[in-house]
Amino acid sequence: IAGITQAPTSQILAAGRRMTLRCTQDMRHNAMYWYRQDLGLGLRLIHYSNTAGTTGKGEVPDGYSVSRANTDDFPLTLASAVPSQTSVYFCASSGSVDTGELFFGEGSRLTVL
Amino acid sequence: GESVGLHLPTLSVQEGDNSIINCAYSNSASDYFIWYKQESGKGPQFIIDIRSNMDKRQGQRVTVLLNKTVKHLSLQIAATQPGDSAVYFCAENNKGPRGDDKIIFGKGTRLHILP
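Residues numbered from 1 in each chain as written. Chains lettered and ligands numbered in written order. Predicted model: local features only at pLDDT ≥ 70, side-chain atom pairs only at ≥ 80, totals over all residues. Heavy atoms only, no water.

Participant: Any chance you could explain the overall build of chain A here in plain terms?
Facilitator: If you tally the helices and strands in chain A, you get zero helices and eleven strands. Scanning chain A from its N terminus toward the C terminus, one meets helices and strands in the order β-β-β-β-β-β-β-β-β-β-β. For chain A, the C-alpha radius of gyration of 13 Å lies close to 13 Å, the compact-globule estimate for 113 residues. If one aligns the C-alpha atoms of chain A with their principal axes, the spans along those axes are about 40 × 25 × 25 Å. (Helix = DSSP H or I, 4+ residues; strand = E, 2+ residues; numbered from the N terminus. Rg over C-alpha atoms; globule rule 2.2 N^0.38 Å.)

Participant: Just to check I follow, could you spell out the interface of chain B and chain A for this structure?
Facilitator: Frequently, the measure chosen for interface size is the accessible area removed from exposure when the parts meet. Between chain B and chain A, the contact holds 23 residues from the first and 25 residues from the second. With both sides pooled, the region where chain B packs onto chain A buries about 1800 Å², and carbon together with sulfur makes up 52% of that total. The three residues of chain B that bury the most area against chain A are D101, I103 and F105 of chain B, which together make up 24% of that side's buried surface. Our count for the chain B to chain A interface comes out at zero salt bridges. At the boundary of chain B with chain A, the tally comes to five residue pairs in polar contact (both at pLDDT 80 or more). Of all the elements, strand β10 (residues 101-105) of chain B adds the most residues to the side of chain B that touches chain A, at five residues. (Contact = heavy atoms within 4.5 Å. Buried area = accessible area lost by both parts, 1.4 Å probe. Salt bridge = Lys/Arg side-chain N within 4 Å of Asp/Glu carboxyl O. Polar contact = N/O pair within 3.5 Å; in protein donor to acceptor, adjacent residues only side chain to side chain.)

Participant: Any chance you could explain the sheet that holds strand β8 (residues 76-78) of chain A here in plain terms?
Facilitator: Sheet strands associate in pairs through backbone hydrogen bonding, adopting either a parallel or an antiparallel arrangement. Residue and element names in this part refer to chain A. Taken in spatial order, the four strands of this open sheet run β1-β3-β8-β7, and their pairing is antiparallel. The open sheet terminates on both sides in strands that have one partner only, identified here as β1 (4-7) and β7 (64-66). For this sheet, the mean inter-axis angle between neighbouring strands, taken without regard to orientation, is 15 degrees. Note that β1 and strand β3 (residues 19-25) share four bridges and pair antiparallel. Bridged to T5 within β3 is T24. (Pairing = 2+ DSSP bridges. Axes fitted to C-alpha atoms, helices over the stretch in contact; angles between N-to-C directions.)

Participant: I tried to follow the side chain of Q85 of chain A on my own but got confused; where do I start?
Facilitator: All names here are of chain A. Within the element layout of this structure, Q85 appears in the loop between β8 and β9 (87-94). In this structure Q85 comes out as buried when scored by relative accessible area, which is 4%. Reaching out from Q85, the side chain makes a polar contact with the backbone oxygen of G63 at a distance of 3.3 Å. (Buried < 20%, exposed > 50% of the residue type's maximum accessible area, 1.4 Å probe, protein only.)

Participant: I would appreciate a short explanation of the environment of S74 of chain B in the present structure.
Facilitator: Residue and element names in this part refer to chain B. Here S74 shows up in strand β8 (residues 72-77). Exposure remark for S74: the relative accessible area of 6% places this residue in the buried category. The contacts of S74, once residues within four sequence positions are left out, are I20, I21, N22, W35, T63, V64 and L65.

As C-alpha cells, then:
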C-alpha cells in the first residue's frame, strides 16, 4: 500500500536552480495539497487542487507553481530557488472536500544554498 | 483575516493524566475543524474533526470541543501515554475564491509526557 509518495526525500540545491518536487497518490483522491513546514511556523499551504485540471493559491504561493494534469500527480516546481525556500515540503491528499482528513506523504527536505 | 493559532507552544503532562490542547481561530465561515498529530520526522496524521454545527465529538481516547461563541477549539486526550508525545496542530477549512476548499493549519503545540 503506497498511499502518497514524495520524491526526492532530501535535496541540496544551489540558489537560482529549478527544482520539481514530485507527489503521487494511488488512492484516487480528488484533492491534493502542498505545504511547507518551517521551525516554529507550522504548516503553511502553498498551492492546492480540489480536482484534476484545477489549482488554487494557498497562503504562501510566491516562487512556486503546480500543475494537476491527472488525478494521481501533483508536482511542485520552484522556478528559481532562493535560500528562503529551504524547508520541509509535505504533499497531502483528501478523498472528499467534506472532510478534514488529509493523508500526508513523508516529506521532502529541501536545502537551498 | 484568516488565521488559526494556538495558546501555548509546549505542554508537559504527567503520564496517565488528561491532556488539553487549545486552539483559537478567527474564520467564522469554516465548515469544519480538524486536529492532527505529528511525530518527529513524519508527516501529520489525522486525529479527529468536528463540523461547525457541532460542539463536541468523541473518538478513541480523544474529545474535541468547539465553542463558536469565543472561536475556541480544544483537544482532550484521556489517560495520556508516552506514545502521545508529538506536536499537535489544529486546522480549519477555508473557502477559496471559487468556493473550493483549502485546509489551513495553526502553528502547533508540542505535547511532552512526563514519566
